[in-house]
Amino acid sequence: MLAASIAALTLGFAPLQAAPQQPTEGVTRLPPVDATAAEPEPETRRVCRFETVTGSNRRTRVCRNVPRQGVQDQATRDFMRDNQRVRTPDV
């Protein structure tokens, strides 16, 4: 009796074997979708500057592609302009 119960439980939880499905002849297959093509490339800008290697006096020009920051609005530009140091002529 116990063996029959265990056999019934194992057959009940066993995965069903399904026959492989063949595509119908009227269906056209689509190419796989590339996940990277859906995301737009972030805008970058090229920034170049002179850098000196530690222990050397030789300066080399290094250029990097830096992602663009958010657009700076007019209020931010006015605020930054107002807080710059005022240059006075030497007397």
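These notes cover the structure that comes with them. (Residues numbered from 1 in each chain as written. Predicted model: local features only at pLDDT ≥ 70, side-chain atom pairs only at ≥ 80, totals over all residues. Heavy atoms only, no water.)

**Considering the overall build of the protein**
Move 1: Within the protein one finds three helices and two strands.
Move 2: For the protein, the N- to C-terminal ordering of α and β elements is α-α-β-β-α.
Move 3: In the protein, which comprises 91 residues, the share counted as buried stands at 0%.
Move 4: The contacts in the protein between residues at least 6 apart in sequence include a share of 8% that link residues at least 24 apart.
Move 5: When the accessible surface of the protein is summed, it comes to about 9,800 Å², and 56% of that surface belongs to carbon and sulfur atoms. (Helix = DSSP H or I, 4+ residues; strand = E, 2+ residues; numbered from the N terminus. Buried < 20%, exposed > 50% of the residue type's maximum accessible area, 1.4 Å probe, protein only. Contact = heavy atoms within 4.5 Å. Areas by Shrake-Rupley, 256 points an atom, 1.4 Å probe, with all protein chains shown as cover.)

**Section: the state of the cysteines**
Move 1: Overall, the coordinates contain one disulfide when judged by the stated rule.
Move 2: There is a disulfide in this structure between Cys48 and Cys63, and the S-S distance comes to 2.1 Å. An S-S torsion of about 115° defines the bridge between Cys48 and Cys63 as right-handed. Here the residue Cys48 occupies a position in strand β1 (residues 44-52), and Cys63 occupies one in strand β2 (residues 59-67), the gap between them amounting to 15 residues.
Move 3: Overall, the relative accessible area of 32% leaves Cys48 in the partly exposed class.
Move 4: Overall, the relative accessible area of 27% leaves Cys63 in the partly exposed class. (Disulfide = S-S within 2.5 Å.)

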